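Now for the letters of each chain:
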There are 2 protein chains.
Amino acid sequence: MTAAFNKAVLDEIEKTLAALLPDEGLDQPKGLRRVARAMRYSALAGGKRLRPCLTVHSADLFGVPRDRSLRAGAAVEFIHCYSLIHDDLPAMDDSDLRRGRPSSHKQFDEATAILAGDALLTDAFEVLADETTHPDGAVRTRMIAALAHAAGQKGMVGGQMMDILADKGEGGSLDIALLQSLKTGAMIRASCELGGYLGGASEDQMTALRDYASRLGLAFQITDDLLDLTSSEEEAGKPVGQDHGKLTFVDLLGEKPARAKAESLVEEAIDALSIFKADSRALQAIARFILSRSH
Amino acid sequence: MTAAFNKAVLDEIEKTLAALLPDEGLDQPKGLRRVARAMRYSALAGGKRLRPCLTVHSADLFGVPRDRSLRAGAAVEFIHCYSLIHDDLPAMDDSDLRRGRPSSHKQFDEATAILAGDALLTDAFEVLADETTHPDGAVRTRMIAALAHAAGQKGMVGGQMMDILADKGEGGSLDIALLQSLKTGAMIRASCELGGYLGGASEDQMTALRDYASRLGLAFQITDDLLDLTSSEEEAGKPVGQDHGKLTFVDLLGEKPARAKAESLVEEAIDALSIFKADSRALQAIARFILSRSH
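Residues numbered from 1 in each chain as written. Chains lettered and ligands numbered in written order. Predicted model: local features only at pLDDT ≥ 70, side-chain atom pairs only at ≥ 80, totals over all residues. Heavy atoms only, no water.

- Chain A is annotated in an unreviewed UniProt entry as Farnesyl-diphosphate synthase from Aquisalinus flavus.
- The UniProt entry for chain A carries the following comment under Sequence similarities (unreviewed entry): "Belongs to the FPP/GGPP synthase family."
- Here chain A is described in UniProt, under the heading Cofactor (unreviewed entry), as follows: "Mg(2+)". (UniProt positions renumbered as here; feature names shortened; annotations may be inferred.)

## Quick word on the overall build of chain A
- Broken down by element type, chain A carries 14 helices and two strands.
- Against the globule reference of 19 Å for 295 residues, chain A gives a C-alpha radius of gyration of 18 Å, in line with a compact fold.
- Projected onto its principal axes, the C-alpha coordinates of chain A cover approximately 55 × 50 × 35 Å.
- In chain A, which comprises 295 residues, the proportion classed as buried is 57%.
- Of the contacts made within chain A by residues no fewer than 6 positions apart, 71% connect residues no fewer than 24 positions apart.
- Put simply, chain A shows about 11200 Å² of open surface, and 48% of that area lies on carbon and sulfur atoms.
- Taking the 34 positively charged and 44 negatively charged side chains of chain A as two groups, their mean positions are separated by 3 Å. (Helix = DSSP H or I, 4+ residues; strand = E, 2+ residues; numbered from the N terminus. Rg over C-alpha atoms; globule rule 2.2 N^0.38 Å. Buried < 20%, exposed > 50% of the residue type's maximum accessible area, 1.4 Å probe, protein only. Contact = heavy atoms within 4.5 Å. Areas by Shrake-Rupley, 256 points an atom, 1.4 Å probe, with all protein chains shown as cover. Lys, Arg positive; Asp, Glu negative; His and termini not counted. Charge placed at Lys NZ, Arg CZ, Asp CG, Glu CD.)

## Structural notes on the interface of chain A and chain B
- Facing 53 residues of chain A, the contacting portion of chain B comprises 53 residues.
- Both sides of the chain A and chain B interface together cover about 4200 Å² of buried area, and 73% of this is carbon and sulfur.
- For the pair chain A and chain B, the number of links is two salt bridges.
- A salt bridge links aspartate 109 of chain B to lysine 168 of chain A, with the nearest nitrogen and oxygen atoms 3.3 Å apart.
- Taken together, the links from chain A to chain B amount to 14 residue pairs in polar contact (both at pLDDT 80 or more).
- Where the side of chain A that touches chain B is concerned, the elements lending two or more residues are helix H2 (30-43), helix H4 (66-88), helix H6 (110-129), helix H7 (137-151), helix H8 (156-167) and helix H9 (176-198) of chain A.
- Top contributing element to the side of chain A that touches chain B by residue count: H6 of chain A, with 12 residues.
- By residue class, the composition of the side of chain A that touches chain B is 29 nonpolar, 14 polar and 10 charged. (Buried area = accessible area lost by both parts, 1.4 Å probe. Salt bridge = Lys/Arg side-chain N within 4 Å of Asp/Glu carboxyl O. Polar contact = N/O pair within 3.5 Å; in protein donor to acceptor, adjacent residues only side chain to side chain. Nonpolar A, V, L, I, M, F, W, Y, C, P; charged D, E, K, R; others polar.)

## Remarks on the relation of the copies chain A and chain B
- Between chain A and chain B, which share one sequence, the superposing operator has a rotation angle of 180 degrees and an axial displacement of 0.0 Å; the RMSD is 0.0 Å. On the angle and the small slide along the axis, the relation comes out as a two-fold axis. Minimal C-alpha separation from the rotation axis in chain A is found for glycine 137 of chain A, amounting to 2.1 Å.
- A symmetric contact is evident, with 100% of the interface residues of chain A recurring at the interface of chain B. (Least-squares fit on C-alpha atoms with pLDDT ≥ 70 in both.)

## Remarks on a nonpolar patch on the surface
- On the surface, Leu247, Leu252 and Leu253 of chain A cluster together to form a nonpolar patch covering roughly 250 Å² of accessible area.
- Following the sequence through the fold, leucine 247 of chain A ends up in the loop between helix H11 (233-236) and helix H12 (249-253). (Patch = residues over 30% accessible without salt bridge, like charges linked within 9 Å, V, L, I, M, F, W, Y side chains within 5 Å.)

## Concerning the packing of aromatic side chains
- Enumeration according to the criterion identifies seven aromatic pairs over all chains in this entry.
- Ring centres of phenylalanine 5 of chain A and phenylalanine 289 of chain A lie 4.9 Å apart, and the angle between their planes is 85 degrees; on these two criteria the pair is classed as edge-to-face. Here the residue phenylalanine 5 of chain A occupies a position in the segment before helix H1 (7-20), and phenylalanine 289 of chain A occupies one in helix H14 (residues 281-292), the gap between them amounting to 284 residues.
- Taking 5.5 Å as the distance between ring centres and 85 degrees as the angle between the ring planes, the aromatic pair formed by tyrosine 41 of chain B and phenylalanine 108 of chain B counts as edge-to-face. On the criterion of sequence distance, the pair formed by tyrosine 41 of chain B in helix H2 (residues 30-43) and phenylalanine 108 of chain B in the loop between helix H5 (104-107) and helix H6 (110-129) is long-range, its members being 67 residues apart.
- With a relative accessible area of 14%, tyrosine 41 of chain B lands in the buried category.
- What makes phenylalanine 108 of chain B buried here is its relative accessible area of 15%.
- The aromatic ring of tyrosine 41 of chain A is capped on one face by arginine 101 of chain A, whose charged end is 3.9 Å from the ring centroid. (Phe/Tyr/Trp six-rings, centres within 6.5 Å; stacked < 30°, edge-to-face > 60°. Lys NZ or Arg CZ within 6 Å of the ring centre and 35° of its normal.)

## Considering H1 of chain A
All names here are of chain A.
- End to end, H1 covers 20 Å across 14 residues, agreeing with the expected 20 Å (1.5 Å per residue, within 8%).
- If you check which residues of H1 are buried, you get Val9, Leu10, Ile13, Thr16 and Leu17. Buried positions in H1, seen along its axis, are confined to an arc of 125 degrees and lie on one side of it. Relative to its buried face, H1 has exposed residues pointing more than 90 degrees away, namely Lys7, Lys15 and Ala19. (Expected span 1.5 Å × (residues − 1). Arc of directions from axis to C-beta.)

Printed below as a string of structure tokens:
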């Protein structure tokens, strides 16, 4: 990981994920242990943790206690990990490699991968519903509604379906910005929104967080497309060049203009943070990292 | 459906499901429409609606307004429908038929079925999180936690994994009562618990609802095993006799003792309702229906 991400926060995120995931203990039936093992295999596989970092540092703007924002961030990461497990399935993107290791259905089997994904999605809401995440039930349900909306038919799931249809040439006239806004943007926006909800953000503050996150998400997707052109499979930890069949921002804009677009989006993201009097350097650093990342 | 289920309530449940499911309107990208269509295909396929009936009639004991209990019941049914879609997948039970029609992955394709299931699971929590389900956020999160627990690794998902391992002969020494308590019992218990939470049930009342639901769930599974012995595929609306490879209550107890066990469980379920002063005849009728059902 790069220095753009606060090492102490990353450590706390790993600890929180490990503590909230079901254990693999022998005191439960073999089936439950197998699901727990598959959940931990995918959720503790050393991802970038971009989304929980966004939740924690957005919440930091409002002085939210870290034990709360870490739980909310873990819920977001559970949903991100579930989506990777299901996306990798043979019927979806059919990817054998994830983060440099066999994907879940290769390490276990398809049934286990489907169920581990289902359980991670379900557990995310159980984590958010618990009163240790925030004492006010209304705040908890606001976070649950925002995350469910971002993950569901009008968010990530819908975006993934659009992507699959586009791959098959069945998508009709394709709005790639809309596709990416749903497939990856919605969850990145929700990551920041959760920090705002935990902190009791005003409408203006919420709008600023969403503006930051929307631009960050789009920049992230453009650099992803750029990386897919240039990086090795070893660096990426997953098969690369697989996106060449589908239309990317690089195809649409060309390589140099795509990079320029990512740069201006990152500047806009940072500008959106200017309304906060609190120290927003951590969120600024994450935005700048997007441009420098190699995987 | 039999007269055991209140026709007016069943109609309201269908209306609520139809209203809460995403629409298939042309004003959205093709991918989102496809997911919506698959969600509606499976969730509006004329199931028994046992679980939402349990939620509504449990809530009725406390005089909960129907618009609230119908929404909570719909959330439970969304999760039940998601589990059927995923269970039918080739990697799981590999079932081509469901409720007399092609299962979701046969009607659409595997990717669509996986995503439609994911979206139904996600939407269930969005429905519960909304303040129209109950004005008190703490009540809403109590329902969300109970439902997530029943559906997740320590509930339905864990039970399904146990079942798959048992099919492969990899389950180790199998506790079939535990397996069924997780795979189907947990969600039936949660269906009643949600009614109790909506109604502000006392601890004793909650215990009575759980006792009723646990016995009902076990009786339901035993009669399911009995039906699988005797019914035609046409009556069942799904392939029958497929469970013969796995250990059932009928194998364990024998056919006649299994029926006797189901009968005594139904009597115990009805007895558990005796602490309620309110009219519990609808819940009693559902318990008795379990014994008479033909599908």
